[in-house]
Amino acid sequence: MSLHSVKAFFAEHAPDIEVIVTPTSSATVTLAAEAHGVEPAQIAKTICLRVGDRALLVVARGDARIDNRKSRDAFGGKPRMLDAEQVAELTGHPVGGVCPFGLATPLPVYCDVSLRAYDEVVPAAGATNAAVRIGVERMAQLVGAQWCDICQDLVDRQEAEAAE
């Protein structure tokens, strides 16, 4: 059903975009990067969060980490990741295939500015072995996303990791 809903979404809203189904799993950033021949950062991962009683999706580059302070400031409360069952129920997609397309429940979508490092990204497409190649701005437009800045700055994160 999930892959079907994503294909239906693209058939209606962007028929020029092909859903790519691979013979191997692309359920993690590393596996997806290998399956699609891109660097891990170019994978657009979708994270399902709850802030208070509100659920939302954040799409960020594959190597990004959410910054707690920035996300609290942006969303007005502490975001918590949903468990796999909650994610599947809200999105209609299994973990590893979660994307902002063809959702079972309308959810607000936020795209982190980290994605803008690339012209094209590779988000999942509703299954653990499906994805699309899509322009960053087009993806945000298609899903009605708002732009946000909630991920750790890559330079600051690298410096912090080096100090550990």
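Scroll up for the structure.
Residues numbered from 1 in each chain as written. Predicted model: local features only at pLDDT ≥ 70, side-chain atom pairs only at ≥ 80, totals over all residues. Heavy atoms only, no water.

Enquirer: Looking at this model, I keep getting lost on the packing of aromatic side chains. Mind explaining?
Expert: The relative placement of two aromatic rings is captured by the distance of their centres and the angle of their planes. Inspection of the entire model under this criterion finds four aromatic pairs. Measuring from centroid to centroid gives 5.3 Å for Phe-9 and Phe-10, while their planes differ by 90 degrees, and the two rings are edge-to-face. This pair shows no difference in class: Phe-9 is buried, exactly as Phe-10 is. Here the aromatic residues Phe-9, Phe-10 and Phe-101 are joined through ring pairs into a cluster of three or more. When the ring centre of Trp-147 is taken as origin, the NZ or CZ atom of Arg-116, which lies over that ring, is 3.8 Å away. (Phe/Tyr/Trp six-rings, centres within 6.5 Å; stacked < 30°, edge-to-face > 60°. Buried < 20%, exposed > 50% of the residue type's maximum accessible area, 1.4 Å probe, protein only. Lys NZ or Arg CZ within 6 Å of the ring centre and 35° of its normal.)

Enquirer: Please explain the nonpolar core as it appears in this structure.
Expert: Core analysis: the largest hydrophobic core is formed by 35 residues, its most contacted members being Phe-10, Phe-101, Leu-115, Val-121, Val-132, Ile-134 and Met-139. Residue assignment for this core shows that the elements contributing at least two residues are helix H1 (2-13), strand E2 (43-51), strand E3 (54-61), helix H4 (84-91), strand E5 (109-112) and helix H5 (136-142). It is H5 that provides the largest number of residues to this core, a total of four residues. Not counting residues up to four positions away in its chain, the partners in contact with Val-132 are Phe-10, Ile-17, Glu-18, Val-19, Phe-101, Val-121, Val-122, Pro-123 and Ala-125. The next biggest cluster of nonpolar side chains, apart from the first, holds twelve residues, and it includes Ala-60, Ala-64, Ile-150 and Cys-151. (Core = buried A, V, L, I, M, F, W, Y, C linked by side-chain atoms within 4.5 Å. Helix = DSSP H or I, 4+ residues; strand = E, 2+ residues; numbered from the N terminus. Contact = heavy atoms within 4.5 Å.)

Enquirer: Before we go on, may I ask you to explain the state of the cysteines in this structure?
Expert: Put plainly, two cysteines are in a disulfide when a covalent bond ties their sulfur atoms together. Within this structure, the stated rule accounts for zero disulfides. With no disulfide of its own, Cys-48 lies 12 Å from the sulfur of Cys-99, the closest cysteine sulfur. For Cys-48, a relative accessible area of 4% translates into the label buried. Classification of Cys-99 by relative accessible area gives buried; the value is 0%. (Disulfide = S-S within 2.5 Å.)

Enquirer: Sorry if this is basic, but what is going on with helix H2 (residues 29-36) here?
Expert: Since the α-helix advances by 3.6 residues per turn, residues separated by three or four positions end up pointing in the same direction. Among the residues of H2, those classed as buried are Ala-32, Ala-33 and His-36. Down the axis of H2, the sector holding all buried residues measures 100 degrees, keeping them to one side. Packed against the buried residues of H2 are strand E1 (20-21), E2, strand E6 (120-123) and strand E7 (130-131). With its phi angle positive at about 65 degrees, Gly-37 sits one or two positions after the end of H2. (Arc of directions from axis to C-beta.)

Enquirer: Whenever I open this one, helix H3 (residues 68-75) confuses me. Can you help?
Expert: Among all positions in H3, only Lys-70, Ser-71 and Phe-75 are buried. Seen along its axis, H3 keeps its buried residues to an arc of 110 degrees; they face one direction. Facing away from the buried side of H3 by more than 90 degrees, the exposed set consists of Asn-68 and Asp-73. Residues of H3 that are buried sit in contact with E2, E3, strand E4 (79-81) and E5.

The values reported here are purely geometric and, on their own, carry no functional implication.
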